[in-house]
Amino acid sequence: MSRNRVVIIGAGFAGYRAARTLTHAVRNKAEVVLLNPTDYFLYLPLLPQVATGILEPRRVTVSLTRTLPRVRLILGEADGVDLEARQVRYTDPEGERGVLAYDRLVLAVGSVNKLLPVPGIAEHAHGFRGVPEALYLRDHVTRQIELASADDDPAARRARCTFVVVGAGYTGTEVAAQGKLFTDSLVRGQALPEGVSPRWLLLDIAPRVLPELDRRLSRTADRVLRRRGVQVRTETSVEEAMSDGVRLDSGEFVATRTLIWCVGVRPDPFVERLGRPMERGRLVVDPFLNVPDHPEVFACGDAAAVPDARNPGSLTPMTAQHAWRQGAAVAHNVAASLGLGRRRRFQHGELGFTVDLGGTQAAANPLGVPLPWPLAGVVTRGYHLAAMPGNRVRVAADWLLDALLPRQAVQLGLVRSGSVPLDTASPELARIPGPPGEESDAP
Ligand SMILES: Cc1cc2nc3c(=O)[nH]c(=O)nc-3n(C[C@H](O)[C@H](O)[C@H](O)COP(=O)(O)OP(=O)(O)OC[C@H]3O[C@@H](n4cnc5c(N)ncnc54)[C@H](O)[C@@H]3O)c2cc1C
């Protein structure tokens, strides 16, 4: 008798957890196939630490084949789903096309950078979606400090040493807070010309940093940022980005070669292609994570419009903790649809938030209780270690080394500006290589 096949598209928080839980829930009664462009699960919350030289890039990647030995991994990117024929079309990393038939399908494709209609952003800003972006930014920031140190023009030196982060959510706040520590460590102990003094700006249209989190976390983050010398500009936005700087909506021009775009994410537009009902860009599912009228199709994570049982009328937030738990829930419901166990409604209450501000500083409110320094820092790092599905010892070792040794100030030059476009929803853009040498000046 042939086994049922469950195909999961996407190995992020939701897809990885779904695959792991399914292998236990269905045992050998179904084949679990995971389709993902990379051979690793990416622990996104620690990506700012890769960009600022705290963690080596492989630390935030967890091998899929090592940690999911009973799952069949197909490397590739889904191009489309034929709901009638129950098939997924995909393209592998070498451009070969393939088709996967399924009995059950789990869509867990996550999200992409959110672009705003601001002139120059797509060309001049860089975002934060994967290891290549983090590596690019680490090199780029290092290079700006090195080029500034050798420049004869004081205005050019100042521009290169100015770093602008747009969006003061948890990603932007962490990047600005940790970025300032990174550049301070790059210039420390050197006899540098006047103007080579790193300046970080963190902008947000909202009236406070971490606008979506508890006010007490905002206050902690704001205090740490300002003490560290980060210029926090709330109720401020970018009107235009150019190759030599940005114009703010106040009319002020900030000369810079670095514009880091952290205004948030939007659900991966891949799910729109299914032609099924959508809500706020997310694929509509019922409380069992089932796509209506298709009992064999499920969706979870950022790309799914999951009803929030604790807040009737709203959707669950696009966070790792929700995606991770939805992955487990979807696995149980897929197994139930195959006659193994009973299906469950998805329900999860917020467990609080942690924002790592670098050094020993953090803003954290586990179970809604804001923690003081240094407990917040300890809990934040402990939480990440517990939440990561692998690499814990390596991550802890990097943190220890970072506490004891100066950061390594070298560029590897592996990622060019053109290969990390801000528009991560357009894979064709990502395949356009940047012109040689182009990345040296591009913000
Ligand atoms: C820099 C950053 C920091 C964050 N920090 C936090 C934090 O501190 N706390 C928190 O709660 N949340 C945080 N988040 C949000 C959190 O990471 C997301 O909510 C979570 O990753 C959503 O999980 P997911 O499984 O839906 O998507 P993802 O984890 O994004 O995974 C989606 C997967 O699908 C794959 N994929 C996409 N398209 C296709 C396709 N067509 N075919 C095959 N595979 C595809 C992707 O490659 C990826 O592996 C952060 C996000 C970012 C970007």
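Residues numbered from 1 in each chain as written. Predicted model: local features only at pLDDT ≥ 70, side-chain atom pairs only at ≥ 80, totals over all residues. Heavy atoms only, no water.

**Description of the overall build of the protein chain**
Counting its regular elements, the protein chain contains 12 helices and 25 strands. Relative to its length of 443 residues, the protein chain is compact, with a C-alpha radius of gyration of 22 Å against a globular reference of 22 Å. Along the three orthogonal principal directions, the C-alpha set of the protein chain runs to about 75 × 50 × 40 Å. Every one of the 443 residues in the protein chain was classed for burial, and the buried ones make up 53%. Long-range contacts, defined as pairs at least 24 residues apart, comprise 67% of the intrachain contacts of the protein chain with a sequence gap of at least 6. Averaging the positions of the 53 positive and the 48 negative side-chain charges in the protein chain gives two centres separated by 9 Å. (Helix = DSSP H or I, 4+ residues; strand = E, 2+ residues; numbered from the N terminus. Rg over C-alpha atoms; globule rule 2.2 N^0.38 Å. Buried < 20%, exposed > 50% of the residue type's maximum accessible area, 1.4 Å probe, protein only. Contact = heavy atoms within 4.5 Å. Lys, Arg positive; Asp, Glu negative; His and termini not counted. Charge placed at Lys NZ, Arg CZ, Asp CG, Glu CD.)

**Topic: the site of the ligand**
The immediate surroundings of the ligand are formed by 30 residues, with A14, N36, A78, D302 and A320 found nearest. D268 places a side-chain nitrogen or oxygen 3.3 Å from a nitrogen atom of the ligand. Within the complex, 89% of the 1,000 Å² of free accessible area of the ligand lies under protein. When residues in the shell around the ligand are grouped by element, the largest group, 3 residues, is from helix α9 (residues 320-337). In this structure, the shell around the ligand is formed jointly by two domains, domain 1 (4-37 + 76-111 + 266-337) and domain 2 (121-263 + 352-430), each of which donates at least three residues. (Near = heavy atom within 4 Å. Polar contact = N/O pair within 3.5 Å; in protein donor to acceptor, adjacent residues only side chain to side chain. Areas by Shrake-Rupley, 256 points an atom, 1.4 Å probe, with all protein chains shown as cover. Domains from an automatic or database assignment.)

**Some remarks on the sheet that holds strand β7 (residues 87-91)**
Pairing is antiparallel across the open sheet formed by 3 strands, whose spatial order is β6-β7-β8. Edge positions in the sheet fall to β6 (77-82) and β8 (97-101), since each of these pairs with one other strand and no more. Ignoring strand direction, the axes of neighbouring strands in this sheet form an average angle of 25°. Of the pairings in the sheet, the one linking β6 to β7 comprises 5 bridges and is antiparallel in character. Bridging from a neighbouring strand, G80 pairs with R89 of β7. (Pairing = 2+ DSSP bridges. Axes fitted to C-alpha atoms, helices over the stretch in contact; angles between N-to-C directions.)

**Some details on the confidence of the model for the protein chain**
Residues of the protein chain with pLDDT of at least 70 account for 95%, and the chain-wide mean is 92. The model gives residues 427-443 a pLDDT under 50, and that stretch makes 40 contacts with residues more than four places away or in other chains. (pLDDT = per-residue confidence, 0-100.)

**Digging into the domain arrangement of the protein chain**
Its domain assignment divides the protein chain into domain 1 (4-37 + 76-111 + 266-337) and domain 2 (121-263 + 352-430). Computed over C-alpha atoms only, the centres of domain 1 and domain 2 are separated by 32 Å. Contacts between the two partners involve 10 residues from domain 1, matched on the other side by 8 residues from domain 2. Summed over both sides, the interface of domain 1 with domain 2 buries roughly 600 Å², with 46% coming from carbon and sulfur. The largest per-residue losses of area from domain 1 upon contact with domain 2 belong to S111, T319 and Q321, which jointly make up 47% of the total buried on that side. For the interface between domain 1 and domain 2, the tally reads 0 salt bridges. Connecting domain 1 to domain 2 are 2 residue pairs in polar contact (both at pLDDT 80 or more). (Buried area = accessible area lost by both parts, 1.4 Å probe. Salt bridge = Lys/Arg side-chain N within 4 Å of Asp/Glu carboxyl O.)

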